[in-house]
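What follows is the residue order along each chain.
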Amino acid sequence: MTTASPRIAALQTVSSPDVADNLRIAAGLIAEAAGAGARLVALPEYFALITADERAKVRLRERDGEGPLQDFLREAAQRHDVWIVGGTVPLVAEADDKVRNTTLVYDERGERVARYDKIHLFGFQRGEERYDEAATIEPGHRVVTFDSPVGRVGLSVCYDLRFPELFRSMGEVDLIILPAAFTYTTGKAHWEVLLRARAIENQCYVMAPAQGGKHASGRVTWGHSMIVDPWGEVLACREEGAGVAMAELDPARLAAVRASLPALRHRCLQGGQ
């Protein structure tokens, strides 16, 4: 791991059905974060499209390695000399009527270094509020980590947050990134406590770029894009609206937490790895 303290940035959006406008907003936030010294920036889940029409993302889906959304991420990384974790992009699935909800990572040269397909698919119903991602999304099955200028990184998406065994399966990582579009209802109740728990139990930084506000579709997302340190302290938070949450990933802080409370070495049940 690098001995410097690189800056990382979680970008928050309130995405709409207008893909071009969403990309314009995302481009501005990437530029803002890079201009402020971020070495790695991450976009939220569904950064390119949120709409009441759940089939829209199926129509928007791209083949792996080609398409305007992937071109956008690649070119933004090159333009701003920054690593980009591209929220999620709808990619072609095995089923013709579904997508893979995929996080793509590009280095500062625009080279793709990682792909993670969301494993756990959100389902929720309370009164008239209902979500069923499995209707249009095909789950992934592979745990993904990669090396970056800010250390070893593990990838996850939104609903994955509720499944701690996924994060244990990553092994020892310096940073977990979780692009999300948490609903207002579940976010208000569980978002912060779960993010802090994942940071504490894995003794690593957690960065969660999120959707945050009322969308044109009528959907309301919780926001509170957040960066949490290995002790569970919230270093940065963007509560609502488009913007940037930024903090330093301090290797000395990471080492100190692990040295003073070596919980990762004290584990007795290793079945998750």
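Everything discussed here concerns the structure shown above.
A quick note: this is a predicted structure, and the numbers were derived from the prediction, not measured.

**Q** Is there a simple way to think about the overall build of the chain in this case?
**A** Check the secondary structure of the chain and you find seven helices and 17 strands. Here the C-alpha radius of gyration of the chain, 17 Å, is about what a compact globule of 273 residues would show, namely 19 Å. Seen through its principal axes, the chain has C-alpha atoms that stretch 50 × 40 × 35 Å. Taking all 273 residues of the chain together, the buried fraction comes to 55%. Taking as baseline every contact in the chain between residues at least 6 positions apart, the subset at least 24 positions apart corresponds to 67%. Taken as a whole, the chain presents about 11,500 Å² of accessible surface, with 49% of it coming from carbon and sulfur.

**Q** Looking at this structure, how should I read the pairing of strand S8 (residues 129-132)?
**A** Each regular strand carries side chains that alternate between the two faces of the sheet. Of the pairings in the sheet, the one linking strand S7 (residues 123-126) to S8 comprises four bridges and is antiparallel in character. Note that in S8 the partner of Phe124 across the bridge is Tyr131. What sits between the antiparallel neighbours S7 and S8 is a turn of two residues, in which Gly127 has the positive phi angle 65°.

**Q** Honestly, helix H6 (residues 251-260) in this entry has me stumped. Any pointers?
**A** Structural remark: α-helix, 3.6 residues per turn; residues separated by three or four positions point the same way. Buried within H6 we find Pro251, Leu254, Val257 and Arg258. Along the axis of H6, the buried residues cluster in a sector spanning 130°; they form a single face. For H6, exposure combined with an orientation more than 90 degrees from the buried face picks out Ala252, Ala259 and Ser260. If you follow the buried residues of H6, they end up packed against helix H5 (184-202), strand S12 (205-208) and helix H7 (263-266). With a side-chain oxygen positioned 3.0 Å from the backbone nitrogen of Ala252, the residue opening H6 is Asp250.

**Q** Which parts of the structure should I look at to understand the sheet that holds strand S10 (residues 151-155)?
**A** Pairing between the strands of a sheet is mediated by backbone hydrogen bonds and can be parallel or antiparallel. The six strands are arranged S9-S10-S11-S12-S15-S16 in an open sheet whose pairing can be described as mixed. Only two strands of the sheet have a single neighbouring strand rather than two, namely strand S9 (145-148) and strand S16 (234-238). The sheet shows a mean angle of 20° between the axes of neighbouring strands, direction not considered. Of the pairings in the sheet, the one linking S10 to strand S11 (residues 175-177) comprises three bridges and is parallel in character.

**Q** What is the right way to look at the environment of Gly218 in this model?
**A** Residue placement: Gly218 occurs in the loop between strand S13 (212-214) and strand S14 (220-222). C-alpha of Gly218 to C-alpha of Asp250: the two residues are 32 residues apart in sequence and 39 Å apart in space.

**Q** Would you explain the pattern of salt bridges in this entry?
**A** Here the idea is simple: oppositely charged side chains can pair when their charged atoms come close. If you walk through the whole model with that rule in mind, you get 21 salt bridges. For Asp64, the salt bridge goes to Arg112, with nearest N and O atoms at 2.5 Å. Here Arg112 lies in strand S6 (residues 112-117) and Asp64 lies in the loop between helix H2 (56-60) and helix H3 (68-80), a separation of 48 residues in the sequence. When the shortest N-O distance is used, the salt bridge between Arg258 and Glu172 registers 3.1 Å.

**Q** Where do I start with the pairing of strand S2 (residues 38-42) in this structure?
**A** Within S2, four of the five residues are buried, which leaves it mostly tucked inside the rest of the structure. Across four bridges, strand S1 (residues 7-12) lies against S2 in parallel orientation. Looking at the pairing, Ile8 lines up with Leu40 of S2. A crossover connection joins S1 to the parallel S2 through helix H1 (residues 19-35); in handedness this β-α-β unit is right-handed. Across three bridges, the pairing between S2 and strand S3 (residues 83-85) is parallel. Considered in S3, the bridge of Ala42 is made with Val85.

Basis of the calculations
- For every chain, the first residue of the written sequence is number 1, and numbering continues from 1 along that sequence.
- Only residues with pLDDT of at least 70 are given local features in this predicted model, and only at 80 or more are side-chain atom pairs given and counted; all residues enter the totals for whole chains, interfaces and linings.
- The basis for every side-chain value is the complete set of non-hydrogen atoms in the structure, without hydrogens or water.
- Starting at the N terminus, helices and strands are each numbered in turn, a helix being any DSSP run of H or I of at least four residues and a strand any DSSP run of E of at least two.
- Atoms counted for the radius of gyration: C-alpha only. Globule rule: 2.2 Å times the number of residues to the power 0.38.
- Under the scheme applied here, a residue whose accessible area is under 20% of the maximum for its type counts as buried, over 50% as exposed, and between as partly exposed, the area being computed with a 1.4 Å probe on protein chains only.
- Here, residues are in contact when the closest pair of their heavy atoms is within 4.5 Å.
- Here the open area of atoms and residues is found with the Shrake-Rupley method and a 1.4 Å probe, where only the protein chains shown may cover a residue.
- Between any two strands, pairing holds if DSSP finds at least two bridges.
- By construction, the arc corresponds to the directions joining the helix axis to the C-beta atoms.
- Any N or O atom pair separated by 3.5 Å or less is treated as a polar contact, with the protein-specific requirement of one donor-capable and one acceptor-capable atom, and with residues adjacent in sequence counted only for side-chain atom pairs.
- Lines fitted to C-alpha atoms define the axes here, with helix axes fitted over just the stretch in contact, and angles between the N-to-C directions of these axes take values from 0 to 180 degrees.
- Any Lys or Arg side-chain nitrogen located within 4 Å of an Asp or Glu carboxyl oxygen qualifies as a salt bridge.
- Orient the strands so they point away from the viewer; a crossover is then right-handed if the path from the first strand over the helix to the second runs clockwise.

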